[in-house]
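Here's the letter readout for the chains.
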Amino acid sequence: MTPSSATTKQRAGQSARSHAQAEHRKRAAEQAKHHKKHSKHAKHKHKRRKHVHHSAKPHGMLPVALPSAPTSPPAPSPAPVASLGVPISLAQAHRLLWRAGFGPTPGQAEALVGQPLEQVVFSLTRPSGTATLTGPAPVDDEGHPLDPYNGWGQDHCWWLDRMVRSDQQLVERMTFIFHDWFANSNEKVDSQRMMLEQNELFRSMCLGSFHDLFLAVTSNPAMLVFLDGISNEKHNPNENYAREMMELFSLGADRGAYTQDDVKEMARVLTGWTAEWSSEGLHEFEFDTARHDKTEKTLSAAFGTSGNPLKGNWDWEDAVRLCVEHPLHASFFVTKLWGYFIPSPPDEATLASLQGLYTSSGHSIRAVLEAILQHPDFYEGAELVTPPVVYNAGLLRAIGRPIDTNAWAWLSANASQQLFYPPNVSGWDFSAWLDTSTTRARWEMASAVSSKTYKNPWPKEGEPKYSETEEPAAAFANAMSYWGNPLLSSESSACIARFSETCPAGTSKTKWELSPYRAMRQNALRMLIATSPDMQVS
C-alpha cells in the first residue's frame with residue numbers, strides 16, 4: 001500500500017467518526033422537535049387513554065410469555081419459601097447483579113464468589129442511608145450539567161446516571177420496576193418535574209409496604225393527570241384509574257376479581273381530586289370533599305370472604321385498602337413481582353408460601369423480594385432478556401464511562417425504551433425486547449458506548465499506534481477485559497475467537513497492515529462481545 005492510500009484510509013476513518021457525531025446531534029434535535037410538537041395536555045379534556053394489551057409480535061420477535069397470576073391460586077401458606085442456600089458462584093453473581101441491578105462493574109461479581117447467598121442478597125435489599133453516586137456528575141454533549149426538568153432527554157440521562165453510578169443498585173432497579181408497574185408517560189403528563197417527583201416517590205418507597213406505596217401513587221400528581229383523577233368528580237365519575245388500579249396495579253384481568261359494576265363503583269369511591277391550572281401548568285393538587293361522592297357504594301362479593309357484596313361510604317384511601325385486602329391481591333402481587341426477575345411462573349407451593357410471607361409481613365415488598373432473589377428458580381431457571389435501558393447502563397458500568405451525552409435518550413428510544421415514556425398504561429412489554437429492529441438499535445447503542453475508546457487504526461502523526469504484534473488470543477482476551485470479562489457461552493467464545501484468528505488482522509503479513517488491521521480487529525471484537533446473544537440476557 002502506498003503512503004497516499006494509507007492517508008486516504010485515515011481520512012476516511014476520521015470522516016466516518018465526524019459523520020457519526022453529526023448524526024448523533026441531528027437525531028437528538030429531531031427527537032426534541034418531535035417531542036415539542038406532540039407533547040400536550042390535550043387542553044386538559046382528559047380523554048380516556050386506550051389500554052393496549054400486548055399480543056401481536058412484530059416480525060422477528062422472540063416471544064416469551066411472562067407469568068400471570070392464576071384464576072384460582074392456592075391459599076397463603078406459612079411454610080418458608082425455598083432457598084438455594086449455597087455460597088454464590090460466579091455465574092450466579094453475574095445473574096444477580098444483572099437482574100437485581102444494572103450489571104457488575106469490573107471485578108464486582110468475582111468479589112462475591114463464595115459468600116453466603118443470603119448475605120449477598122441482604123447487601124442489596126437492606127441498604128443503609130442515602131445512595132452514594134461514584135464518579136463524574138452527568139453532563140450533556142457540550143459538557144454542561146444536565147437540566148432534567150426542562151431539557152429533552154435529559155430526564156432519561158439523569159436517571160440513567162443513577163443506574164450507572166449508584167451504590168444502591170437494587171433500589172434503582174425497583175424504582176425502574178415500579179415505573180413500569182404504575183406506568184405513566186410524560187407524553188400526557190407533560191411535566192418532567194412531576195415525572196421526576198414520581199420517580200423519587202418510587203425510589204423512597206420501593207422496599208417498604210406495597211399498601212403505602214399504592215396509597216402514595218394514587219394521590220401522586222403525575223398519576224392524577226395521567227389517569228384523569230383530577231377529572232373524576234361526583235357528578236361525572238371518570239373510570240380510568242378505578243379500572244387500572246384493579247386490572248394492572250393490584251388484582252389482574254380475567255381472574256374474576258372484579259366486575260364492570262365494580263369499576264363504576266370504585267370510580268365513585270375515588271372522586272374528589274382536583275388541581276389548579278395556570279400558565280405554568282397544573283399545581284395545587286388536593287382532595288376536595290365537595291367533589292367527592294359521599295353516598296353509599298356497593299362492591300361485588302369478590303371483594304369479601306362472606307360471599308356477600310360489600311357496602312360502605314368509602315373514599316380514595318379505602319379504595320386502596322379494599323384492593324390490597326382483596327382475596328386475590330396477594331397472588332397477583334407476588335406473581336407480578338416474581339415475573340420481573342424470573343420468566344417462568346412459580347410452582348403452587350412457592351406461590352402459596354410467597355403469599356403467606358407477603359400477608360404476614362404487612363405487605364412488605366422487601367420480604368417478598370428477598371425470597372425471590374434467593375429462590376432456586378432465579379439461578380437455575382431460564383434466561384431473561386435484558387431491557388434496553390439496563391443493557392445501556394450495564395455497558396457503561398463495565399467500561400466506567402460516565403453520562404457525557406444526551407444521545408442515550410434517543411438510542412434507547414430506538415431500542416423501544418425511553419425512560420418516562422412507556423408506550424401505554426400497561427407499561428413496556430418485557431417479553432418483546434428483541435426483534436429485527438431493536439436488535440440493530442442495541443448494536444448502535446454498544447457502538448456509541450465504546451466510541452470514545454475506539455482504537456484509531458489511522459492515528460495522526462505523534463499519536464500512539466496500536467500494537468503490531470497482538471496475537472488473536474491476546475486480542476480476544478483484551479476485548480473481553482475491556483467489557484469487564486463478561487460470561488460468554490462456549491459457542492459464542494468459539495465463534496468470536498475464530499473471527500479473531502481468521503479476520504485480516506489474523507492473517508496479515510504486510511508491514512503497513514499490522515497496526516491498522518489489529519486496531520480494527522480490536523474494535524470489531526469489542527462489538528461482537530457486546531452484541532453477542534449472551535450479553536442480551538441474564
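Refer to the structure presented above.
Because the structure is a prediction, the values reported are computed rather than measured. (Residues numbered from 1 in each chain as written. Predicted model: local features only at pLDDT ≥ 70, side-chain atom pairs only at ≥ 80, totals over all residues. Heavy atoms only, no water.)

What follows deals with helix 12 (residues 260–269). Buried residues dominate helix 12, accounting for 7 of its 10 residues. Of the positions making up helix 12, those classed as buried are Asp262, Val263, Glu265, Met266, Ala267, Arg268 and Val269. Among the structural elements, helix 11 (240–247), strand 3 (297–299) and helix 13 (316–324) are those in contact with the buried residues of helix 12. Capping of helix 12 at its N-terminal end is provided by Thr259; its side-chain oxygen lies 3.3 Å from the backbone amide nitrogen of Asp261. (Buried < 20%, exposed > 50% of the residue type's maximum accessible area, 1.4 Å probe, protein only. Helix = DSSP H or I, 4+ residues; strand = E, 2+ residues; numbered from the N terminus. Contact = heavy atoms within 4.5 Å. Polar contact = N/O pair within 3.5 Å; in protein donor to acceptor, adjacent residues only side chain to side chain.)

Turning next to the packing of helix 4 (residues 117–125) against helix 16 (residues 365–374). With their axes 10 Å apart at the nearest point, helix 4 and helix 16 run at an angle of 140° to one another. One way to sum up the angle between helix 4 and helix 16 is to call them oblique. Between helix 4 and helix 16 the crossing geometry is right-handed. Along the contact surface, helix 4 presents Leu117, Glu118, Val121, Phe122 and Thr125, while helix 16 presents Arg366, Glu370, Leu373 and Gln374. Classifying every residue of the contact of helix 4 with helix 16 by side-chain character gives 4 nonpolar, 2 polar and 3 charged. (Axes fitted to C-alpha atoms, helices over the stretch in contact; angles between N-to-C directions. Parallel < 35°, antiparallel > 145°, perpendicular 65-115°, else oblique. Left-handed = near helix turned anticlockwise from the far one by under 90°. Nonpolar A, V, L, I, M, F, W, Y, C, P; charged D, E, K, R; others polar.)

Below, the discussion takes up the packing of aromatic side chains. In total, this model carries 26 aromatic pairs according to the counting rule given. Relative to Phe176, the ring of Trp159 lies with its centre 6.4 Å away and its plane at 65°, an arrangement referred to as edge-to-face. Residue Trp159 is found in helix 5 (residues 154–165), and its partner Phe176 is found in helix 6 (residues 169–181); the two are separated by 17 residues along the sequence. Residue classification places Phe176 among the buried positions, given a relative accessible area of 1%. Ring geometry for Tyr241 versus Phe249: centroids 5.9 Å apart, planes at 50°, classification tilted. We classify Tyr241 as buried; its relative accessible area is 7%. Its end group placed over the ring of Phe102, Arg173 keeps NZ or CZ at 5.8 Å from the ring centre. Residue placement shows Arg526 over the ring face of Tyr482; its charged tip is 3.8 Å from the ring centre. (Phe/Tyr/Trp six-rings, centres within 6.5 Å; stacked < 30°, edge-to-face > 60°. Lys NZ or Arg CZ within 6 Å of the ring centre and 35° of its normal.)

This part is about unusual backbone geometry. Here Asp190, not a glycine, exhibits a phi torsion of approximately 60°, which is positive. For Asp190, the position within the fold is in the loop between helix 7 (186–189) and helix 8 (192–205). Its relative accessible area of 30% is what places Asp190 among the partly exposed residues. For Glu284, which is not a glycine, the phi torsion comes out positive at approximately 55°. If you trace the backbone, Glu284 turns up in strand 2 (residues 281–287). Assessed through its relative accessible area of 53%, Glu284 is described here as exposed.

On to the pattern of salt bridges, then. Taken as a whole and assessed by the stated rule, the structure comprises 16 salt bridges. We note a salt bridge from Arg126 to Glu370, for which the minimum N-O separation is 2.7 Å. With a gap of 244 residues between them, Arg126 in the loop between helix 4 and helix 5 and Glu370 in helix 16 connect regions that are remote in the sequence. Given a relative accessible area of 47%, Arg126 falls into the partly exposed group. In this structure, the salt-bridge partner of Arg162 is Glu172, at a minimum N-O distance of 3.0 Å. Here the residue Arg162 occupies a position in helix 5, and Glu172 occupies one in helix 6, the gap between them amounting to 10 residues. (Salt bridge = Lys/Arg side-chain N within 4 Å of Asp/Glu carboxyl O.)

Attention now goes to the pairing of strand 2. Relative to strand 2, strand 1 (residues 273–278) runs antiparallel, the two sharing 5 bridges. Residue pairing across strands places Thr274 opposite Glu286, the latter belonging to strand 2. Between strand 1 and strand 2, which pair antiparallel one after the other, the connecting turn spans 2 residues. (Pairing = 2+ DSSP bridges.)

With that out of the way, let us pick up helix 20 (residues 438–450). With 13 residues, helix 20 ought to run about 18 Å at 1.5 Å a step, and its terminal C-alpha atoms sit 19 Å apart, in line with that. Among the residues making up helix 20, those that are buried are Thr438, Ala441, Arg442, Met445, Ala446, Ala448, Val449 and Ser450. (Expected span 1.5 Å × (residues − 1).)

Along the chain, the position of Thr218 falls in helix 9 (residues 210–218). The class for Thr218 is buried, based on a relative accessible area of 3%. Within the structure, the side chain of Thr218 is placed 2.7 Å from the backbone oxygen of Phe214, a separation counted as a polar contact. Every residue in contact with Thr218, bar those within four places of it in the chain, is listed here: Leu224, Tyr241, Leu270, Trp316 and Val320.

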